[in-house]
Amino acid sequence: MEPVLVTMDEETELSFTIAQMVQRLKGTHLHSQLERQAKDCLHRPDIKLESLKDDVRNFLKVSGWERKLQNAVYRELHMPPPGSPAAPPQHTKEPLQYMRNAQASWEKRILKSLNSMCTELGVPLARKRPLPEQRELSNKWNEMGTDEPDLSKFRPVYAPKDFLEVLVSLRNPNLDCSEELSSLSHWGLIKVPLHVRDIPQVREACPELTLTSGQLGIDDHPHVPSDLFESEHVRLGRRVLGEQDSAAAQQYSRQGCPTGLRAQLWALILNSTNDPEDIMHYEQLKAGVIQHDLVVDNLIYKDVKLTASNDDYYFVFEDFLYQVLLCFSRDTTVLEHFNYNSATPPKSYIQGKAEQDEYAVIYPPNGVIPFHGFSMYVAPLCFLYNEPCRLYGVFREMYVRYFFRLHSISSHPSGIVSLCLQFERLLQSHLPQLFYHLREIGAQPLSIAFKWMVRAFSGYLSTDQLLLLWDRILGYDSLEIVAVLAAAVFAFRAENLMEVTSLASAEAVLADLSTLKVMPLIQIFVFATMI
């Protein structure tokens, strides 16, 4: 094998990345557990002084602790890198200045909306609940859905259509409009020059999705009988779970997760545990909810009532949604994701001390202001986990890895701006007549598809199909499959869409996606499209 030459810069960067990872892992509960196990094993008769280091390492391997460490390292590797030690911290969050400015401006608008609502209603951002109210909430914790508080005066801080308006207005100030890359650039709503994958690149990135590969979610496979593939795939899935290997689980989920194994596989991929300390953390968050009332609690109540409670699949999970989302709003560990999120957590000031940093507090404590549809990020997970603590841990990991990218402005390939651009480019390239027709009648495709993408299709697909889609998000560690599916839906309904003459009739053709089968649509669009 040829030796690999590494430049000094690469070596420095690698050393920096390793040092950062070691530093982050040192602060975890896993690190203290490993230390304790290593100390405890010194009393074992098979640990010899002359081979101490090797014996301890072997013990940790045999007892499964090495695998837990590998999974923790694998999780860290999937978090965005800390960036070059020489680069300013804001570059790690978002390298493009105009994207950072747009995000900052959007945040000010959200905060202004929240503050003006509080002023109008005369309610504080936070208050301590009186003891009788605390007792009442504690007693009805598992049946909050029976409550009917008057939320008529509260309104969502923003809805996806408001966010789309901001994305459509994005421009790179360094780009001369007369130098557009191609005439196709003028067709869509997104006008920023980002690199997004086309069909050949998607094929290269997703070889497991080829027409000849076995997939869960496809009933009539031409090469392998679906029941034979499924039984073999289930057997392999059990083996992956037995190995407790996050990397293997992630690779496995690219072909779909069997219904009975999905919950365990997702938790393994995300390295989400349900240990006593996780349960204790959840209980502390619950205590925080019971002690203090936040304005965002009303936004959460309102959102659940407007979305999941009216959904045929999810209304039964109303109580779970309140529990998870109220606890999430208090979870300060979520703040860590702002190190690589283009967004900045909003701040509130103690009354009369505005703009004085020493009197500033992050509000809400997790730094995330929920918007209309936010609860739909949690709802599908309720089908997989019936313990609130387990459900909470998986949702939090899904959020800090993926979902935050769907409502923040960035140039990341899985960010919502890139997904919108990728959707438009795929459609423009492969169905130009359809794209042109819809544009001419005032039915820009993105204005219809945006609501699907911003929720990763939650609430639009049937749940079994949505979970098959999310399998692939986890499997490829990317949200790009969401943009591909959105384009595939338009391709599937192309014939009907070519007949429509208005935005309303185009929306009617695409109003019901609940009968769609996700994997055949994606496979045909990616691998049966003529290039």
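This text follows the structure it describes.
Residues numbered from 1 in each chain as written. Predicted model: local features only at pLDDT ≥ 70, side-chain atom pairs only at ≥ 80, totals over all residues. Heavy atoms only, no water.

A. The arrangement of the overall build of the protein chain in detail. Helices and strands together make up the secondary structure of the protein chain, namely 24 helices and four strands. Burial status across the protein chain gives 50% buried among its 531 residues. A fraction of 76% describes how many contacts in the protein chain between residues 6 or more apart in sequence connect residues 24 or more apart. A total of about 25900 Å² of accessible surface is found on the protein chain, and carbon and sulfur atoms cover 54% of it. (Helix = DSSP H or I, 4+ residues; strand = E, 2+ residues; numbered from the N terminus. Buried < 20%, exposed > 50% of the residue type's maximum accessible area, 1.4 Å probe, protein only. Contact = heavy atoms within 4.5 Å. Areas by Shrake-Rupley, 256 points an atom, 1.4 Å probe, with all protein chains shown as cover.)

B. Layout of helix 21 (residues 480-492). Its 13 residues place the ends of helix 21 19 Å apart at the C-alpha level, agreeing with the 18 Å of an ideal helix rising 1.5 Å per residue. Across the 13 residues of helix 21, eleven count as buried, placing the element largely inside the fold. Glu480, Ile481, Val482, Ala483, Val484, Leu485, Ala486, Ala487, Ala488, Val489 and Phe490 are the residues of helix 21 that are buried. (Expected span 1.5 Å × (residues − 1).)

C. The side chain of lysine 286, seen in detail. With respect to the secondary-structure elements, lysine 286 resides in helix 13 (residues 276-291). This buried residue, lysine 286, is left without a salt bridge; glutamate 283 holds the nearest opposite charge, at 4.2 Å. Setting aside residues up to four positions removed in sequence, lysine 286 forms contacts with Trp141 and Cys327. (Lys, Arg positive; Asp, Glu negative; His and termini not counted. Salt bridge = Lys/Arg side-chain N within 4 Å of Asp/Glu carboxyl O.)

D. The arrangement of helix 12 (residues 262-269) in detail. Counting buried residues in helix 12 gives seven out of eight residues, a clear majority hidden from the surface. Of the residues making up helix 12, those classed as buried are Arg262, Ala263, Leu265, Trp266, Ala267, Leu268 and Ile269.

E. Up close: the packing of helix 19 (residues 445-454) against helix 21. Axis separation between helix 19 and helix 21 bottoms out at 10 Å; the angle between their running directions is 130 degrees. Judged by the angle between their axes, helix 19 and helix 21 are oblique. Crossing geometry of helix 19 relative to helix 21 is assigned as right-handed. Contact with helix 19, carried on its side by Pro445, Ile448, Ala449, Trp452 and Met453, involves Val482, Ala483, Ala486, Val489 and Phe490 of helix 21 and no other residues of that element. (Axes fitted to C-alpha atoms, helices over the stretch in contact; angles between N-to-C directions. Parallel < 35°, antiparallel > 145°, perpendicular 65-115°, else oblique. Left-handed = near helix turned anticlockwise from the far one by under 90°.)

F. Structural detail: the pattern of salt bridges. Evaluated as defined, the whole model comprises 17 salt bridges. In this structure, lysine 305 and glutamate 318 form a salt bridge, with 2.7 Å as the shortest nitrogen-oxygen distance. Note that lysine 305 is positioned in helix 14 (residues 295-306) and glutamate 318 in helix 15 (residues 318-329), a separation of 13 residues in sequence. A salt bridge links glutamate 397 to arginine 401, with the shortest nitrogen-to-oxygen separation between them at 3.8 Å. You can see glutamate 397 and its partner arginine 401 sitting in helix 16 (residues 388-401), four residues apart, about one turn around the helix. Of the two residues examined, glutamate 397 and arginine 401, each falls in the buried class.

G. Geometry of the packing of helix 12 against helix 20 (residues 463-476). Contact pair helix 12 / helix 20: the axes reach a minimum separation of 11 Å and the direction vectors enclose 25 degrees. Taken together, the axis directions place helix 12 and helix 20 in an arrangement best described as roughly parallel. Read as a crossing pair, helix 12 and helix 20 show a hand that is left-handed. When helix 12 is examined against helix 20, the residues Arg262, Trp266 and Ile269 are found in contact with a partner set consisting of Leu467, Leu468, Trp470, Asp471 and Leu474. The residue makeup of the contact of helix 12 with helix 20, split by class, is six nonpolar, no polar and two charged. (Nonpolar A, V, L, I, M, F, W, Y, C, P; charged D, E, K, R; others polar.)

H. Spatial organisation of the packing of aromatic side chains. Per the counting criterion, the structure on display carries 26 aromatic pairs. Look at phenylalanine 374 and tyrosine 377: their rings are 5.4 Å apart centre to centre, the planes differ by 75 degrees, and that puts the pair in the edge-to-face class. On the accessibility criterion, phenylalanine 374 (4% relative accessible area) is buried. Grouping aromatic residues by their ring pairs yields a cluster made of Trp106, Tyr158, Phe163, Phe328, Phe371, Phe374, Tyr377, Phe395, Tyr399, Phe403, Phe450 and Trp470. (Phe/Tyr/Trp six-rings, centres within 6.5 Å; stacked < 30°, edge-to-face > 60°.)

I. Structural detail: the nonpolar core. By size, the foremost hydrophobic cluster in this structure holds 153 residues, and its most contacted members are Phe395, Trp452 and Phe490. No other element matches helix 21, which puts ten residues into this core. With residues up to four places along the chain from it excluded, the contact list for phenylalanine 490 reads Phe423, Leu427, Leu434, Leu438, Pro445, Ile448, Ala449, Trp452, Leu497 and Leu510. Grouped together as the second largest cluster of nonpolar side chains are ten residues, Leu30, Cys41, Ile47 and Val56 included. (Core = buried A, V, L, I, M, F, W, Y, C linked by side-chain atoms within 4.5 Å.)

J. How the structure looks around a nonpolar patch on the surface. A surface patch of nonpolar side chains, amounting to about 300 Å² of accessible area, comprises Leu42, Leu49 and Leu52. Its location among the elements puts leucine 52 in helix 3 (residues 52-62). (Patch = residues over 30% accessible without salt bridge, like charges linked within 9 Å, V, L, I, M, F, W, Y side chains within 5 Å.)

K. Up close: the environment of methionine 453. Within the secondary structure layout, methionine 453 lies in helix 19. In this structure the C-alpha to C-alpha distance between methionine 453 and leucine 406, which are 47 residues apart in sequence, comes to 7.7 Å. Not counting residues within four places of it along the chain, the set of residues in contact with methionine 453 comprises Leu406, Ile416, Leu419, Cys420, Phe423, Leu446, Val482, Ala483 and Ala486.

L. Structural view of the environment of arginine 129. You can see arginine 129 is positioned in the loop between strand 1 (126-128) and helix 7 (131-139). Sequence-distant contacts of arginine 129, that is, excluding residues within four places in its chain, are made with Gln134, Leu137, Val289, Ile290, Gln291, His292, Asp293, Asp297 and Arg330. Within polar-contact distance, the side chain of arginine 129 engages the side chain of glutamate 133 at 3.1 Å. (Polar contact = N/O pair within 3.5 Å; in protein donor to acceptor, adjacent residues only side chain to side chain.)

M. Highlighting unusual backbone geometry. Of note, the amide linkage connecting tyrosine 363 to proline 364 takes the cis form, showing an omega dihedral of -10 degrees. A positive phi angle, close to 55 degrees, is found at alanine 456, a residue other than glycine. Turning to its location among the elements, alanine 456 is positioned in the loop between helix 19 and helix 20. Of the residues examined, alanine 456 reaches a relative accessible area of 0% and is grouped as buried.

N. Local environment of the environment of asparagine 58. Checked against the element boundaries, asparagine 58 lands in helix 3. A C-alpha to C-alpha distance of 9.6 Å links asparagine 58 and isoleucine 47, two positions eleven residues apart in sequence.

O. Just the state of the cysteines, in detail. For the structure shown, the criterion picks out zero disulfides. A disulfide-free cysteine, cysteine 327 has its sulfur positioned 9.3 Å from the sulfur of cysteine 389, the nearest such atom. (Disulfide = S-S within 2.5 Å.)

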